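# Coordinates in review
This is what each chain is made of:
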Amino acid sequence: MNAKIGENAGLIWNLLNEKGALSLAQIKKELKENASGEEICLALGWLFREDKLESIDKDKKTLISLK
């Protein structure tokens, strides 16, 4: 499972690097063919724990971006 979480973390990092800040719903939509919602949340937790991401409150929405 750790390998899959790490793989998804890489997909998320590349997605945010390419597209900029996204909402959780947008991330899930972009990665729906590669990972389940639960797997995406686990990978996001991994990246937040490693201090690679930050959350931004904008227009009553929370966006996730690279630091």
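Notes on the structure follow. Remember, predicted model here, so these are calculated numbers, not experimental data.

Now for the overall build of the chain. On a plain count of helices and strands, the chain comes out with 3 helices and 3 strands. Listing each helix as α and each strand as β along the chain from the N terminus yields α-β-α-α-β-β. Relative to the compact-globule value of 11 Å for 67 residues, the chain shows a C-alpha radius of gyration of 11 Å, a close match. Within the span of the chain, comprising 67 residues, buried residues form 30% of the whole. Residue pairs at least 24 apart in sequence account for 46% of intrachain contacts in the chain once pairs closer than 6 positions are excluded. Each charge class in the chain can be summarised by its mean position, and for the 11 positive and 11 negative side chains these summaries are 4 Å apart.

Examined against the element boundaries, Ser65 turns out to sit in strand β3 (residues 61–66). Considering only alpha carbons, one finds Ser65 and Leu44, 21 residues apart in sequence, at a separation of 11 Å. Beyond its immediate chain neighbours, meaning those up to four positions away, Ser65 contacts Leu16, Ala21, Lys52, Leu53, Glu54 and Ile56.

Judged by nonpolar contacts, the single largest core of 16 residues is most densely connected at Ile12, Leu16, Ile27, Ile40, Leu44 and Leu53. Take this core: its biggest share by element is 5 residues, from helix α1 (residues 2–19). Excluding residues that lie within four positions of it along the chain, Ile27 makes contacts with Ile12, Leu15, Leu16, Leu22, Ile40, Leu44 and Ile64.

A word on the pairing of β3. As paired strands, strand β1 (residues 22–23) and β3 are joined by 2 bridges and run antiparallel to one another. Along β3, the bridge assignment pairs Ser23 with Leu63.

What follows deals with the sheet that holds strand β2 (residues 53–58). If you trace the 3 strands from one edge of the open sheet to the other, you get β1-β3-β2, paired in antiparallel fashion. Edge strands, defined here as strands with exactly one partner in the open sheet, are β1 and β2. Against the sheet, α1 engages β1, β2 and β3, with an angle of about 100° to β3.

What counts, and where the lines are drawn
Residues numbered from 1 in each chain as written. Predicted model: local features only at pLDDT ≥ 70, side-chain atom pairs only at ≥ 80, totals over all residues. Heavy atoms only, no water. Helix = DSSP H or I, 4+ residues; strand = E, 2+ residues; numbered from the N terminus. Rg over C-alpha atoms; globule rule 2.2 N^0.38 Å. Buried < 20%, exposed > 50% of the residue type's maximum accessible area, 1.4 Å probe, protein only. Contact = heavy atoms within 4.5 Å. Lys, Arg positive; Asp, Glu negative; His and termini not counted. Charge placed at Lys NZ, Arg CZ, Asp CG, Glu CD. Core = buried A, V, L, I, M, F, W, Y, C linked by side-chain atoms within 4.5 Å. Pairing = 2+ DSSP bridges. Axes fitted to C-alpha atoms, helices over the stretch in contact; angles between N-to-C directions.

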